[in-house]
Amino acid sequence: MADKETLYSKMLRLVLPISFQQFMLALVGASDAIMLGRLNQNTMSAVSLASQVTFVFNLFMTAFVIGENMFAAQYYGKKDYAGISATFVLVLRISCLMAIPFLIGSLFFPDRIMCFLTNEPDLIHMGSEYLRYVGISYLFSAIAQVCLTILKNCGAVNQSSAISSLTVILNIVLNAVFIFGLFGFPAMGIRGAALATVTATALQMLLGVVYVKRKTSQIKVHLLENNRELAKQFRLKVTPVMFNELIWGCGFTLYSIIMGHLGTDAVAANSIANISKNLIICFCLGMGSGGSILIGNELGADHFEEAKRIGRILTWASVIGGALSGLFLLALSPVIISLVDLTPEAKKILGGMLVICSYYIVGKSINCMTIGGIFPAGGDSKFGLLCDTVTLWFITIPFGCLCAFAFRLPILVVYFVLNLDEVIKLPAVYRHYKKYGWVKNITN
């Protein structure tokens, strides 16, 4: 009983700060939607579509951060600070290189990007304006995410969450100031939302760099360091994760593109539904991230049976957490609908979408813990790639396209089909978990 209490205590110390950090990040998207929605529905929809570029960029960053977490957690479990330092430097270099093409695309080719996302001329024009301003934030974000991840893995999870929370609050405040022109500033509308994001992300980067230097004194950062063996292992473990994130993320982006061709009401309702879902699911994401660190620490110390025991407890916790989160979203649905300024038809669509999201969250919670947390903690990164490829590209996307464009079924039927992926993969996830192929020390 004491061991369980210790585990729960450790889990809460990790989960609560990480969940709060995820919630604060999701809150930026919510504040953008609410504030821009006060201008008009199309402005909100344009930024929602343009933000798909940030979403795709974050897919790469998620893969790199999962890899960073994979190695750093195990190195921390065996108290190998040289390994942590080498991991940090490697991921920092890769992340900055990846940010450059996104920066160039957003600054110089925003019109072409928006034409791919929607065929509505007004949305293309407004979304291009947003991308042109927000592009520089990708480089800032790359550095910040790598710094905050290493803090979480080195016992400074509270500092990591505090930095994220502070910058999110700043982003929300600057959103209001720049969008509406408060305190003597000019009302910049959609450009103001982009400027607020750039300013807040720059501060997050600076604070992340300062705290890594102050709080992780045992980590020696040498930017010219070249650990070829670690780079090889990182590439082997992270490449499947990266393709998995891209396959899942491109599929998710294609969901938005499908909805983007079903009318402005569908785009607006989908934007609010996604924001609401992302806010509610933050606790589940925090559980997966915290669980990955806990199990990675045990695997790095060669405590394999303890890792299995923790895995069982965390998996059941993800089932309960997902069910409670889904019920919470259902209870909040009337409040969410009343807060947004949408057309009556868009509000009707939104109500149905929120009901569908409630069951999606349960599956997402379990998969965050297993595919996104437990499996990568032991270097098991290929299963997620196979699982998402089959469920997304052979089931939900083809059937979703048929429902939308061939059979021209109602919007909610299309949305229902597109949100089946997290549920239909659960039997395969359970079978893979029970094989215990993830119980490995990848740092030996």
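Preceding block: the structure.
Residues numbered from 1 in each chain as written. Predicted model: local features only at pLDDT ≥ 70, side-chain atom pairs only at ≥ 80, totals over all residues. Heavy atoms only, no water.

## Structural notes on the packing of aromatic side chains
Per the stated rule, a full pass over the model turns up 12 aromatic pairs. For the ring pair Phe178 and Phe185, a centre distance of 5.6 Å and an interplane angle of 70 degrees mean the geometry is edge-to-face. For Phe178, a relative accessible area of 9% puts it in the buried group. Judged by relative accessible area, Phe185 falls into the partly exposed class, the value being 43%. Judged by centre distance (5.8 Å) and plane angle (55 degrees), the rings of Tyr433 and Tyr436 are tilted. Positioned over the ring face of Tyr76 is Lys79, at 4.3 Å from the centre of the ring. Between the NZ or CZ atom of Lys277 and the centre of the ring of Tyr360, over which it lies, the distance is 4.2 Å. (Phe/Tyr/Trp six-rings, centres within 6.5 Å; stacked < 30°, edge-to-face > 60°. Buried < 20%, exposed > 50% of the residue type's maximum accessible area, 1.4 Å probe, protein only. Lys NZ or Arg CZ within 6 Å of the ring centre and 35° of its normal.)

## Some points on the environment of Phe252
Relative to the helices and strands, Phe252 is located in helix α9 (residues 228-260). Take Phe252: its relative accessible area is 13%, and that puts it in the buried class. Taking the C-alpha atoms as reference points, Phe252 and Gln52, 200 residues apart in sequence, are found 9.4 Å from one another. Other than its neighbours up to four places away in sequence, Phe252 contacts Phe55, Asn274, Lys277 and Tyr360. (Helix = DSSP H or I, 4+ residues; strand = E, 2+ residues; numbered from the N terminus. Contact = heavy atoms within 4.5 Å.)

## Details of the packing of α9 against helix α13 (residues 344-377)
Two elements in contact, α9 and α13, have axes whose closest approach is 15 Å; the angle formed by their N-to-C orientations is 175 degrees. On the basis of their axis angle, the class for α9 and α13 is roughly antiparallel. Along the contact surface, α9 presents Asn244, Trp248, Phe252 and Met259, while α13 presents Met353, Tyr360, Lys364 and Ile371. Its residues placed into classes, the contact of α9 with α13 shows 6 nonpolar, 1 polar and 1 charged. (Axes fitted to C-alpha atoms, helices over the stretch in contact; angles between N-to-C directions. Parallel < 35°, antiparallel > 145°, perpendicular 65-115°, else oblique. Nonpolar A, V, L, I, M, F, W, Y, C, P; charged D, E, K, R; others polar.)

## Concerning the layout of surface pockets
The space that makes up the largest pocket amounts to roughly 520 Å³. Taken together, 24 residues line the largest pocket, and the ones lying closest to its centre are Lys10, Arg13, Leu14, Leu294 and Asn297. Of all the elements in the fold, those that place two or more residues in the lining of the largest pocket are α1 (2-39), α2 (41-77), α6 (137-153), α7 (157-180), α11 (282-300) and α12 (304-339). Looking at the lining of the largest pocket, the element that brings in the most residues is α1, giving 6 residues. (1 Å grid on protein atoms, 1.4 Å probe; cavity = no way out; pocket = protein on both sides within 12 Å on 5 of 7 lines; lining within 4 Å. Points joined across faces, edges and corners; volume = space filled by probe spheres on them.)

Geometry only, nothing functional implied.
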